[in-house]
Amino acid sequence: MATVYIDGQPVELPAGKNLLEALLERDINVPYFCWHPDMGSIGACRQCAVVQYRDEDDDRGRIVMSCMTPVAEGALFSIDSQNARNFRERVVEGLMVNHPHDCPVCEEGGECHLQDMTVLVGHRDRKYRGAKVTFRNQYLGPLIGHEMNRCITCYRCVRFYQDYAGGRDLGAFASRDRVYFGRAEDGVLENEFAGNLVEVCPTGVFTDKPLGQRYTRKWDLQSAPTICTGCSLGCNTSTAERYGELRRIHNRYNHRVNGYFLCDRGRFGGDFVNSDARLRIAGIRNEQRTYDPVSREDALESVSRLIRQSSRVAGIGSPRATIESNYALARLVGMDNFFPGMNETSGRVHELMLDIISNTSATLPAMAETEEYDAVIVLGEDVTNHAPRLALSLRQATRNEAKRLAEDAQIPVWNDAAVRKLTQDQVSPLILLTPCEDRLDDVATVRLRQSPDDIARLGFAIANRLDDSFPSDGASDTHLDEIVRILEKAKKPLVVSGTGLQHSGILKAAANIAAALAGTNDEAGIMLCADECNSVGVTMMQSGRYLESILEEDTIDTVIVLENDLSYRLSPAQFKALREKVKHMIVIDHMDNETTSVADVALPAATFAESHGTFVNNEGTAQLSYAAFTPEQGIVPAWSWLTDTAHLLARPEFAHLHHMDDLISDCASNIPALAAAGDAAPGRDYREAGMKVARMSPRYSGRTAMNAHLSVHEPKPPEDTEAPLAFSMEGTWPRRQPALRPYVWAPGWNSSQSVGKFQDETGGPLKGGDPGVRLLKGGHTSEPYSLETSGTDRNALPLVRRHHIFGSDELSSHSRAIADLIPRPYCMVGNALAQSLGVANGDGIEYELDGDTWQLEVAVDPHMADDCMAYPAQLMATRHLCSSNALRIRKATNWVRRETDRARVFSSDRKI
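For clarity, every value in this text was computed on a predicted model and none was experimentally measured. Counting of residues starts from 1 at the beginning of each chain's written sequence and follows it residue by residue. Predicted model: local features are reported for residues with pLDDT of at least 70 only, side-chain atom pairs are reported and counted for 80 or more only, and whole-chain, interface and lining totals are derived from all residues. The basis for every side-chain value is the complete set of heavy atoms in the structure, and neither hydrogens nor water enter the calculation.

1. A look at the pattern of salt bridges
Put simply, the test is: The term salt bridge refers to a side-chain nitrogen of Lys or Arg lying within 4 Å of a carboxyl oxygen of Asp or Glu. Secondary structure elements are taken from DSSP: a helix is a run of H or I of four residues or more, a strand is a run of E of two residues or more, and numbering for both begins at the N terminus.
Counted under the stated rule, the structure contains 56 salt bridges. For glutamate 846, the salt bridge identified is with arginine 890, shortest N-O distance 2.9 Å. Remark: arginine 890 occurs in strand S36 (residues 890-891) and glutamate 846 occurs in strand S32 (residues 844-849); sequence separation between them is 44 residues. Taken together, the shared-partner salt bridges connect Arg159, Asp163, Arg399, Asp416 and Arg420 into one network.

This is the structure:
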């Protein structure tokens, strides 16, 4: 710490930090625009000016930018001197010269950092009366709006997009006094993290286009702390509602997980809550095989009657449903009759993943901690598309070499421009072993394109070279020595893999490499990615049963399906066989899908935005997600359908289970692996200062105005009996419990920048601790895994599931905003395989599956491994391949070519 003097007062600040950051951490407000806590300083906006004095005799001083000035012992500064105040006001006035006076219609109004800083500076009157410089706005796709005339030239957008997220299609174009931030031509922003421009921009240049189409002032939104359901990483989000409709999703800061940023699937994919495909009313199939809408009471009575008449009832859970809902189903049907909702291939790899992270001797880092590793090896995972937010963290990990070089040159790492100029293209090692081209290729040191089996063999060879006690079949590669050398040299190596390819051999190879590294390096870590938001959670409670095993059971006559479209997990023949096998099928789900369409009783379930529940992410952290609003009448949480059914059946084991808290407590008592899950967040009885937490801002205005044309009386808001939050502006702010914070706001700080007011240190944990509780900690020593490959037919072509940021998640695919960004169905092959088949881009291939002939359009990619074929995972047109791992294919003779935009068909980014 160093003692500096601010306007004559001694203040203890961390030595070496930039002054702006250090002052903000002490709640000393200094205005700024270009500085960002995760992107450092460049001194572009000149707004954070302060006066620095040479010594006590200097009464004039000099203007310095606080974001570019390091804290040093004995330094003398003034924030409130007249020349500092005048300078800052002139800067704001200059920035506002061309800024339109459109706050009443600007999408950022009420949440604008420019508004906050203008008020903080005290600028009020504008002297300029001339013509403003104006620009033509660009079309940037269905997600991001563009209003270039609001720009204040802070450069935050390009610094995030290019330098931080690796985007290449957004830049700064300048001529004389005209600076334009956009693309070289109109088009969809290609980067998977483009949506962060909405929060990074301090004014309204880049806006949330879906929100703009159903616009609501920020202070009239009702928000809640939620967990993203788009993948397994468990990013923290703030979900906002107005008039019973989900309006937007914003990033919610969690130091250990997503930090300041979200991927675009998480930000825009939640619109499925508003989809026309929502199941909104209970239905019972009649004798004509159509559905009759029924009341909630009649639906419960019908379900109870079917269960009473059944000799055996099975329950199919879901890796996208909460722990509470899955447990309620298992409790209702009995654990022996509970199936976790995964097919055998998926179930086995997730069981293996759980075994690895439960028993590994390597460190299990949180996602944010992966940015600290100085060498990373990725086995088999297309991280950008399977677990997107992790890819952003791995990109930051490649900058650790630059930080080391900067420290050697005595350049502070927060001086972003200087560090980048010094280090140029120097990166920390990133090794990618994948079947297809990867979005991280531009920062990778080693890039190998191999089939899943070859990746597994090479992984075992790497582990064997690191420690010869680990098994290997002698596989080798020209890059083997280089990879081993990189990993041995690293001070802090990280192994990344997961279930993306559903290949057990790759997971075992990753586990062996991590264990071999951990044998000599205590800093070695492993990070594994799962498929869905609660894949790990449901695996922790499962009984080792898979969907296919239901077909082998003789006595099951009724099955209850929980939030699970089985057509994505079973082949068409298996799905048909299941429906023919059971007499009655009861389905509880959000969406009208293939499974609800064949149900005898369909029950509408509340989504993540309408109900509370616990999810366990890929690293084994349990986190509680709260409802942002109440669903339409007739829609209730899935666990509520199940507990109400049990009470109607007078089940004694449900006598004490009435609330969500009761379920998670009972689950903790009966499933040891989930014993701590109930500590993830406060329960329904939690209060601060005797009050619930208000979901609505103190500035909320619509509580009476929305119905003023009918009555000036205020209707009673819904009562939330399941959470310590209130559907009202009446309540308190959760100072002690970050897990309950529905939004961030502080006096004078209305924008997302106010999150800094709730951190002890910039970029550090939240005051009160980051939300969530870690259930798995690793730290054990297990036996090395033996070599295992897929064991596919040698005459068949191995299949590779290729994920896409949009389209590979069942729920987010229903979002209107991203519908046009979902790729068309395809099969991807390399050059050699294309030549052997005699196909080119736009041709077709065909294959037999379950007695039917299927066709797919060909996309030839020179970066693809030659001895396998890739297809887009989870697309409706390719979901029949979910249980296949190899095919025999041939050129389709009757294929009709069509005009093909190659990028739209199969690109790993989202060009169209």
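Having seen it, we continue.
2. Some points on the sheet that holds strand S29 (residues 773-774)
Where strands meet in a sheet, backbone hydrogen bonds hold them as pairs that are either parallel or antiparallel. Inclusion rule: For two strands to be treated as a pair, DSSP must find no fewer than two bridges joining them.
Reading across the sheet, the three strands line up as S25-S26-S29 and stay open at both edges, with antiparallel pairing between neighbours. The open sheet is flanked by strand S25 (613-616) and S29, the only strands paired with a single partner. For strand S26 (residues 621-625) and S29, the ladder comprises two bridges, and the chain directions are antiparallel. Within S29, the position partnered with alanine 622 by the bridge is valine 773.

3. Digging into the nonpolar core
Quick reminder of the rule: Among buried residues, the Ala, Val, Leu, Ile, Met, Phe, Trp, Tyr and Cys ones that are joined through side-chain atoms within 4.5 Å form a nonpolar core. Residue burial is assigned from relative accessible area. The probe radius is 1.4 Å, only protein chains are included, and a residue is buried under 20% of its type maximum, exposed over 50%, and partly exposed in between. Between two residues, a contact is recorded if the distance between any of their heavy atoms is within 4.5 Å.
Counting 151 residues, the largest nonpolar core has Ile377, Leu390, Leu433, Ile462, Ile513, Ile560 and Leu674 as the members making the most contacts within it. Considering each element in turn, this core owes the most residues, ten residues, to helix H17 (residues 504-518). The residues touching leucine 433, leaving out its near neighbours within four places in the chain, are Ile377, Val378, Leu379, Gly380, Leu448, Ile455, Leu458, Ile462 and Ile483. Counting 46 residues, the second-largest nonpolar core is a separate cluster that includes Leu189, Val200, Cys201 and Ala817.

4. What about helix H13 (residues 400-408)?
Formally: To obtain the arc, one takes the directions from the helix axis to the C-beta atoms.
Residues of H13 that are buried: Asn400, Ala402 and Ala406. Down the axis of H13, the buried set is contained in an arc of 155°. They therefore lie on one face. Elements in contact with the buried residues of H13: helix H12 (388-397) and helix H14 (416-423). Directly beyond the C-terminal end of H13, a positive phi value near 60° is found at glutamine 410.

5. Quick word on the packing of helix H9 (residues 323-333) against helix H21 (residues 638-648)
What counts here: Helix axes are fitted only over the stretch in contact, all axes being lines through C-alpha atoms; the angle between N-to-C directions runs from 0 to 180 degrees. Each angle is binned into one of four classes, with values under 35 degrees roughly parallel, values over 145 roughly antiparallel, values of 65 to 115 roughly perpendicular, and all other values oblique. Helix crossings get a hand from a simple test, with the near helix turned counterclockwise from the far one by less than a right angle marking a left-handed crossing and a clockwise turn marking a right-handed one. All residues other than Ala, Val, Leu, Ile, Met, Phe, Trp, Tyr, Cys, Pro, Asp, Glu, Lys and Arg, Gly among them, are scored as polar; the first ten of these are nonpolar and the last four charged.
Viewed as axis vectors pointing N to C, H9 and H21 meet at an angle of 25°, and their least axial separation amounts to 8 Å. Relative to H21, the element H9 is oriented roughly parallel. Crossing of H9 over H21 shows left-handed handedness. Where H9 abuts H21, its residues Glu324, Ser325, Ala328, Leu329 and Leu332 lie against Ala638, Trp639, Leu642 and Ala646. Of the residues in the contact of H9 with H21, the class split is seven nonpolar, one polar and one charged.

6. A word on the environment of valine 30
As for its position among the elements, valine 30 is in the loop between helix H1 (19-25) and strand S3 (49-53). Put simply, valine 30 and arginine 485 are 455 residues apart on the chain and 47 Å apart in space, counted from C-alpha to C-alpha. Every residue in contact with valine 30, bar those within four places of it in the chain, is listed here: Leu20, Leu23, Leu24, Cys48, Ser66, Ile79 and Leu120.

7. Side note on unusual backbone geometry
With the exception of glycine, most residues fall at negative phi, and the peptide bonds are largely trans. Backbone geometry places aspartate 27, a non-glycine residue, at a positive phi of 60°. Looking at the secondary structure, you find aspartate 27 in the loop between H1 and S3. Classification of aspartate 27 as partly exposed rests on a relative accessible area of 46%. Of note, glutamine 502 is a non-glycine position whose phi angle comes to about 50°, a positive value.

8. Quick notes on helix H8 (residues 296-309)
Quick note on the threshold: Working rule for helices: expected span equals 1.5 Å times residues minus one.
Given a rise of 1.5 Å per residue, 14 residues ought to cover 20 Å, and the 20 Å separating the end C-alpha atoms of H8 matches this to within 8%. Residues of H8 that are buried: Ala299, Leu300, Ser302, Val303, Ser304, Leu306 and Ile307.

9. Quick look at the side chain of histidine 590
Which entries qualify depends on this criterion: Counting of polar contacts relies on pairs of N or O atoms within 3.5 Å, with two restrictions inside protein: one atom must be capable of donating a hydrogen and the other of accepting it, and residues adjacent in sequence are counted only when both atoms are side-chain atoms.
In this structure, histidine 590 sits in the loop between strand S23 (584-589) and strand S24 (601-604). Among the polar contacts listed, one links the side chain of histidine 590 to the backbone oxygen of alanine 605, at a separation of 3.4 Å. Of note is the side chain of histidine 590, whose polar atom sits 3.2 Å from the backbone oxygen of alanine 606.

10. Re the pairing of strand S10 (residues 222-227)
In terms of burial, S10 is largely enclosed, as six of its six residues are buried. Burial of S10 is two-sided: the residues Gln222, Ala224 and Thr226 facing one way and the residues Ser223, Pro225 and Ile227 facing the other way are all buried. Here S10 runs beside strand S11 (residues 236-242); their pairing, made up of six bridges, is antiparallel. If you follow glutamine 222 over to S11, its bridge partner there is glutamate 241.

11. Focus on the packing of aromatic side chains
Using the following cut-off: Any two rings among Phe, Tyr and Trp, with Trp reduced to its six-membered ring, count as a pair given centres within 6.5 Å; such a pair is stacked if its planes are under 30 degrees apart, edge-to-face if over 60, and tilted if neither.
One pass over the full model with this rule turns up twelve aromatic pairs. For the pair tyrosine 164 and phenylalanine 261, a centre-to-centre distance of 5.0 Å together with 55° between the ring planes defines the contact as tilted. Highlighted residues: tyrosine 164 in helix H4 (residues 156-164) and phenylalanine 261 in the loop between strand S12 (245-251) and helix H7 (264-268), separated in sequence by 97 residues. Residue classification places tyrosine 164 among the buried residues on the basis of a relative accessible area of 5%. When the ring of tryptophan 733 is compared with that of tyrosine 743, the centres are 5.3 Å apart and the planes differ by 50°; the resulting orientation is tilted. Pair noted here: tryptophan 733 is in the loop between strand S28 (725-726) and S29 and tyrosine 743 is in the loop between S28 and S29, with a separation of ten residues, a long-range link. Grouping residues by exposure puts tryptophan 733 and tyrosine 743 together as buried. An aromatic cluster is defined as three or more aromatic residues linked by ring pairs; in this entry it consists of Phe160, Tyr164, Tyr253, Tyr260 and Phe261.

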